[in-house]
Structures are given as structure tokens and as C-alpha cells.
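# Structure assessment
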Amino acid sequence: MTVDRDARSTVPLPADLADRPTDPRRGVPVPFVSDAEDGTVEIGRVVKKRAIRCALSRICGLCGISLEWGVTFVGSAEEAEANAFHYPPLHRGCAEAALRLYPALGEPVLGQPARVDTWALVVTGGFELERPASRQGDQRVAFHANAVSEDLRLPG
Ligand SMILES: [Zn+2]
């Protein structure tokens, strides 16, 4: 799939997300949670240390600015079904912009291991952070929403 640069340039971005550094190759903001501070850019990755910081300091995984009450998680429909998200909490505006921006790149984005057919967007008053129980198996942190007020499905 080719990237539709025109569509992408017309996606309105929340100011704080627009202030993020831009991925030079893709022309999109580098998500706060993807930035390993080592100069490498992998637009879809979740840097574990940053994901934990987002959860504990209640900051947005995309723009890196403080969250207000009610946070938004994005993920696959399967993640929503299991109530186990792997991408950190987000501002709603950042989440909506991200779903218009990143999947159009045609590569795995927003912490997903592969491209996603149906995205979930879940708004919740609270969540729990789950760290890996041992050094074996899935080493990602997981987020469990516990006061869901909205649960939407959107095409990938
Ligand atoms: Zn944000």
C-alpha cells in the first residue's frame, strides 16, 4: 500500500501532538512512547520505560502532556475484548488524530505487532497497570480499563 501523503497532511492534529518531533521519513509526529531517546525512530514501538511513566505520571503516550480525567486507549478489537491494552493512555483528541494518521502509513503502528483490521477506542475513568509477572513470556506492560464510558470500533 502506498502512503497517501495528501490525506495525512490534512489530518488536524492537537497542538501538543503537532509539537512532537517529526519522523523525517514519514512526515508524522514521533509518539512520546516510541521515543527511546537514543536517536532511533520506530514509529510503532512502545518503549516500556516510557509506557510505565505514562501510566504512573498520567501523561499521554502520544503527546507526552498531562492527562485530564477520562483517558483513552486504542488497540485491536482483540485487545479491547480481553480488556488488555498495550499502548499507554492517551488524550481523546490525540487518540482520534492517531487513528487517522498512523494506520494510513501501511505498517504496524500504535504498538501493534501487525496491521489491524478493526481498531478499538475505549474511554475510561480509570485503569490498572500490569507489569510482566516474570522474565519469561510477554514482556509488554498491559493496561486494564476499569471505568469504561465509551467503547467504539473503527475500521483500520
Ligand atoms: Zn495527548
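Higher on the page you've got the structure.
Described below are features of the structure shown in this document.

Each value, and the rule that gives it
Residue numbering note: each chain is counted from 1, following its sequence as written. Selection of residues for local features in this predicted model requires a pLDDT of at least 70, selection of side-chain atom pairs for listing and counting requires 80 or more, and totals for whole chains, interfaces and linings are taken over all residues. Only hydrogens and water are removed before side-chain values are computed, so all heavy atoms of the structure are retained for them. Each helix is a run of H or I in the DSSP string that is no shorter than four residues. Each strand is a run of E no shorter than two, and both are numbered from the N terminus. C-alpha atoms define the radius of gyration in this analysis, and the globule rule sets the expected value at 2.2 Å times the number of residues to the power 0.38. Exposed residues in this analysis have more than 50% of their type's maximum accessible area, buried residues have under 20%, and partly exposed residues fall in between, with area computed by a 1.4 Å probe over protein chains only. Every residue pair with non-hydrogen atoms within 4.5 Å of one another is taken to be in contact. Surface accessibility follows the Shrake-Rupley procedure with a 1.4 Å probe radius. Residue values consider only the protein chains on display as shielding. Only nitrogen, oxygen and sulfur atoms within 2.8 Å of the metal, or 3.2 Å for Na, K and Ca, are treated as donors, and water is left out, so sites may look incomplete. Only two sets of limits are used to name each site, 85 to 135 degrees for every angle of a tetrahedral four-donor site, and over 155 degrees for opposite donors with all other angles from 65 to 115 for a square planar four-donor or octahedral six-donor site, with any other site named irregular. Put simply, a nonpolar core is a bunch of buried Ala, Val, Leu, Ile, Met, Phe, Trp, Tyr and Cys residues held in one set by side-chain atoms that sit within 4.5 Å of each other.

## Here's the deal with the overall build of the protein
Across its full length, the protein holds five helices and five strands. The secondary structure elements of the protein, listed N-terminal to C-terminal, are α-α-α-β-α-α-β-β-β-β. The C-alpha radius of gyration of the protein comes to 14 Å, within 12% of the 15 Å expected for a compact globule of 156 residues. Expressed as lengths along the three principal axes of its C-alpha atoms, the size of the protein is roughly 40 × 35 × 30 Å. Residues classed as buried in the protein amount to 47% of the 156 residues present. For the protein, the share of sequence-separated contacts (at least 6 apart) that also reach a separation of at least 24 residues comes to 60%. Working note: accessible area of the protein is about 8,000 Å², and carbon and sulfur atoms make up 50% of it.

## Remarks on helix H3 (residues 48-57)
For H3, the full list of buried residues reads Arg50, Ala51, Ile52, Cys54 and Ala55. Positive phi appears at Arg58, one or two residues downstream of H3, with a value of about 50°.

## Topic: the coordination of the zinc ion
Ligation of the zinc ion by protein atoms is provided by Cys60 (SG), Cys63 (SG), His91 (ND1) and Cys94 (SG), these donors lying 2.1 to 2.4 Å from the ion. Around the zinc ion, the four donor atoms sit at angles spanning 96 to 118°, and that spread fits a shape best called tetrahedral. We note that the donor set of the zinc ion lies within a single chain, spaced as C-x2-C-x27-H-x2-C. Taken together, the residues Cys63 in the loop between H3 and strand S1 (71-76) and His91 in the loop between helix H4 (77-82) and helix H5 (92-101) connect sequence positions 28 residues apart. Take Cys63: its relative accessible area is 6%, and that puts it in the buried class. Among the residues examined, His91 registers a relative accessible area of 16% and is labelled buried.

## What about the nonpolar core?
Core analysis: the biggest nonpolar cluster contains 40 residues, and Leu62, Val74, Tyr102, Leu110 and Phe143 have the highest contact counts within it. Of all the elements in the fold, those that place two or more residues in this core are H3, S1, H5, strand S2 (118-124) and strand S4 (142-145). It is H5 that provides the largest number of residues to this core, a total of six residues.

## Side note on the environment of Pro108
Along the chain, the position of Pro108 falls in the loop between H5 and S2. Judged by relative accessible area, Pro108 falls into the partly exposed class, the value being 34%. In this structure, the C-alpha to C-alpha distance between Pro108 and Ile43, residues 65 residues apart in sequence, is 8.6 Å. Beyond its immediate chain neighbours, meaning those up to four positions away, Pro108 contacts Gly44, Pro113, Ala114 and Arg115.

In short, shape yes, function no, at least from these values alone.
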